[in-house]
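# Results of the structural survey
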Amino acid sequence: MILTLAVVIGVLYALGTYLLLQRNLTRIVLGLVIMGHGANLLLLVAGGRAGRAPFVGSAPESDFADPLPQAMALTAIVITFGVASLLLALAYRSWMLRHDDDVEDDVEDRRIARTNVEPGEK
Amino acid sequence: MRLLVPLPVVLPLLAAAVSMALHRRAVAQRVLGFVVLAISLAVTIVVLVGVRADGPVATQVGGWPAPIGITLVADLFAAIMLVISAAMVLAVLVYAIGSPRTTDDALFFHPLYLILAAGVSASFLAGDLFNLFVAFEVMLSASYVLITLGGTREQVRTGMTYVVISLLASTLFVTVVGLIYAATGTVNMADLAAKLADLPEGVRGGLGLLLLVVFGIKAAIFPLFFWLPDSYPTAPTPVTAIFAGLLTKVGVYAIIRTQTLLFPTGDGPSLLLLAIAGATMLVGVLGAIAQNDVKRILSFHIVSQIGYMVMGLGLFTVAGIAGAIFYIVHHIVVKTTLFLVGGLIENATGTGALNRLGGLLHRAPLIAFLFIVPALSLAGIPPFSGFVAKLALVQAGFEIDRFVVVGLSLAVSLLTLFSMMKIWAGVFWGAPEEDPPLLAARGDGRLAAPALMVVPTGALVFLSLAIAGVAGPLYELCRAAAAELAEPAPYVRAVLGA
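### Quick notes on the overall build of chain B
- Counting its secondary structure elements, chain B contains 20 helices and two strands.
- Radius of gyration (C-alpha) of chain B: 22 Å, near the 23 Å computed for a compact globule of 498 residues.
- Overall size of chain B, expressed as C-alpha extent along the three principal axes, is 70 × 55 × 40 Å.
- Residues classed as buried in chain B amount to 62% of the 498 residues present.

Here's what the structure looks like:
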């Protein structure tokens, strides 16, 4: 069980990292979301083995699942969700303004790099 | 006292909700924001005085005891940061209200600004790693919207970089929180201080390094600073000023807090941190020298200055950390002021490009004065606050014979002075190469500046002079805060009880 989850988490991180390294805004957004899923699963696994729902008196305490990482994972999911929607809105705005989906370079930086090279010396 | 500690977070959050309901009434929003931030400044001062007298205070939110519940802790370091950030937030709000054709009229500027203030306070007060993460997210979510408020092409481009890099850092933060919980079974920092020490050296080192990367991205240390000079300058001036003053410093605060409480080196300075500090100082200032725009020069200087703070921490002596805290206080004031002056220049002339500006010394002597004081202070010229802060760091370095990094920091000071003089020569001396459009010219050829923009800028200039004036007592305060960080037993007792 834990091994399956560990492999899933690894795959999610790998996939997220790969997508994050692309130059395409949509892929970057998807990469971040997938990586966020991996992180949330990791929080869940950090709580140790699975168990019963931790209601006081419903079962012996030793059978309970650890509720703290679950609460943390829920919080993290909400945050990931909110920020992902903002990112999508930004990506859409970027597409509206430029009609393409690529990430641009720092314009001013490129300009300064060019001005400092003497014409003639490459 | 316990009841006062959550107020710097709760008050702005509640006010943000009310402010959102008032979104068609600009005057009501402005009054509300000003009054609430003024009250929270007063509260933070009371907290600082109380903590100075009685030691660290911890509030268990909702009555759930640590290490399970949410804990807010105010020790001396947190209280100092709270006071200085509350003062900045208030001053910049007045500036934002006073500046024409910005931000202040934009829908939801005021609620977002208040949420940002709440998030910054919450980061300083957070007593466990997960709530530190939540506080960061509150602050960053507000900042994502503020930095792209205009929705122009340039803002969307740079805002995207900013959001993506911050989000990556946040994901890594969740990862490290999960790993720490898996290794120790707690995320409460006071609890972790004891439990992390029992972990094998390799696991502990890995966790510490991952945490350093997470906060390093937020604090913009070398080699994780590349997003900052690109994204900050495009936002409206009040937004850039508050980001420059506070957000990276929240990252530095988190680095100092976690490195001293969770991963103390035990004996001697940390070579890794000193190397990072040196590289951050040098690369930042070299980047600044190459730039041609006032706000971009200032943005690269943020990076360079972060190096000084990390240097103080890297020395890992009480004197070093005290120097770092003093430097943070001085830097927050001076950097915010410089960006506000940059905004005054742009407001008066319509541009921040050095090669299009010139001769402002005669046309706007007041702006020139407001610029030169913090500029000289940033470079560390006596008798300004930057001199005292750098002196504290240099002395701390000499005490334990770290001559290389001290020498580097002095060389970087000279380069800082050089690039400040570049702004001075470009903006205030000479004549403009091309005539910039003078938006605010008056009849006598002088440039006007709105009173509500000049007054908060002037107040901050005065504050930075005051820091130099009361340097002795203030340094004692920083030293006491550093002593608390070096000897965390009272902090742990305040959180866990007994």
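### Considering the packing of helix α2 (residues 26-54) of chain B against helix α4 (residues 109-125) of chain B
Residues and elements named next belong to chain B.
- For the pair α2 and α4, interaxial distance at closest approach is 10 Å and the crossing angle is 10°. With respect to α4, the element α2 is oriented roughly parallel. Residues Gln-29, Gly-33, Val-36 and Leu-37 of α2 form the contact with α4, whose participating residues are His-110, Tyr-113, Leu-114 and Ala-117.
- For the contact of α2 with α4, the per-class residue count stands at five nonpolar, three polar and no charged.

### A few points about the environment of A:Pro69
- Tracing the sequence through the fold places A:Pro69 in helix α3 (residues 67-98).
- Separated by 26 residues in sequence, A:Pro69 and A:Leu43 place their C-alpha atoms 5.8 Å apart.
- Here A:Pro69 is in contact with A:Leu43, A:Leu44, A:Ala46, A:Gly47 and B:Tyr181, once residues within four sequence places are set aside.

### What about the interface of chain A and chain B?
- Every contact between the two is made by 32 residues of chain A and, on the other side, 29 residues of chain B.
- The element best represented in the side of chain A that touches chain B is α3(A), accounting for 15 residues.
- Among the residues forming the side of chain A that touches chain B, the class breakdown is 21 nonpolar, five polar and six charged.

### So, helix α20 (residues 489-496) of chain B
All names here are of chain B.
- Where α20 is concerned, the buried positions are Tyr-491, Val-492, Ala-494 and Val-495. Taken end-on, α20 shows its buried residues confined to a sector of 160°, consistent with a single buried face.
- Structurally, α20 contributes buried residues whose contacts are with β1 (57-61), β2 (70-74), α7 (189-195) and α19 (471-486).
- Once α20 finishes, Gly-497 follows within two positions and takes phi at roughly 75°, a positive value.

### Some points on the confidence of the model for chain A
- The pLDDT averaged across chain A works out to 84; a share of 93% of its residues lies at or above 70.
- Here helix α4 (residues 107-115) of chain A is the element of chain A with the lowest mean pLDDT, 74, and helix α1 (residues 2-20) of chain A is the one with the highest, 92.

### Regarding the nonpolar core
Residue and element names in this part refer to chain B.
- Counting residues in each nonpolar core, the largest one holds 220 residues, and the members touching the most others are Ala-79, Ile-80, Leu-125, Val-177, Ile-325 and Ile-367.
- For this core, the leading source of residues is helix α3 (residues 76-98), giving 21 residues.
- The residues touching Leu-125, leaving out its near neighbours within four places in the chain, are Val-5, Val-9, Leu-72, Val-73, Ala-74 and Ala-78.

### Here's the deal with unusual backbone geometry
Residue and element names in this part refer to chain B.
- Cis rather than trans, the peptide bond between Phe-222 and Pro-223 has omega equal to 0°.
- Within the secondary structure, Pro-223 is located in the loop between α8 (201-219) and α9 (228-231).
- Across the junction of Pro-382 and Pro-383, the peptide omega takes the value 5°, indicating a cis bond.
- On the secondary structure map, Pro-383 appears in the loop between α15 (365-379) and α16 (385-399).
- In this structure, Ala-220 takes a positive phi of about 60° despite not being glycine.
- Mapped onto the secondary structure, Ala-220 falls in the loop between α8 and α9.
- Of the residues examined, Ala-220 has 26 C-beta atoms within 10 Å and is grouped as buried.
- A positive phi angle is found at Phe-316, which is not glycine, with a value near 55°.

### Quick notes on the environment of A:Leu97
- When you line up the elements, A:Leu97 lands in helix α3.
- A:Leu97 sits in the partly exposed class, given 15 other C-beta atoms within 10 Å.
- Not counting the four nearest positions on each side in its chain, A:Leu97 is found in contact with B:Arg153 and B:Val156.

### A short note on the pairing of β2(B)
All names here are of chain B.
- Burial analysis of β2 places four of its five residues in the buried class, which makes it a mostly covered element.
- Direction of pairing for β1 relative to β2: antiparallel, over a ladder of five bridges. Across the sheet, Val-61 pairs through a bridge with Ile-70, a residue of β2.

### Let's talk about the confidence of the model for chain B
Residue and element names in this part refer to chain B.
- Summarising the model, chain B shows a mean pLDDT of 87, and 95% of its residues fall at 70 or more.
- Within chain B, α4 carries the highest mean pLDDT (93), whereas helix α14 (residues 360-363) carries the lowest (77).
- Two numbers describe this predicted complex: its pTM, 0.91, and its ipTM, 0.90.

Criteria and thresholds
Residues numbered from 1 in each chain as written. Chains lettered and ligands numbered in written order. Predicted model: local features only at pLDDT ≥ 70, side-chain atom pairs only at ≥ 80, totals over all residues. Helix = DSSP H or I, 4+ residues; strand = E, 2+ residues; numbered from the N terminus. Rg over C-alpha atoms; globule rule 2.2 N^0.38 Å. Buried ≥ 20, exposed ≤ 12 C-beta atoms within 10 Å, placed from the backbone. Axes fitted to C-alpha atoms, helices over the stretch in contact; angles between N-to-C directions. Parallel < 35°, antiparallel > 145°, perpendicular 65-115°, else oblique. Contact = placed C-beta atoms within 7 Å. Nonpolar A, V, L, I, M, F, W, Y, C, P; charged D, E, K, R; others polar. Arc of directions from axis to C-beta. pLDDT = per-residue confidence, 0-100. Core = buried A, V, L, I, M, F, W, Y, C linked by C-beta atoms within 7 Å. Pairing = 2+ DSSP bridges.

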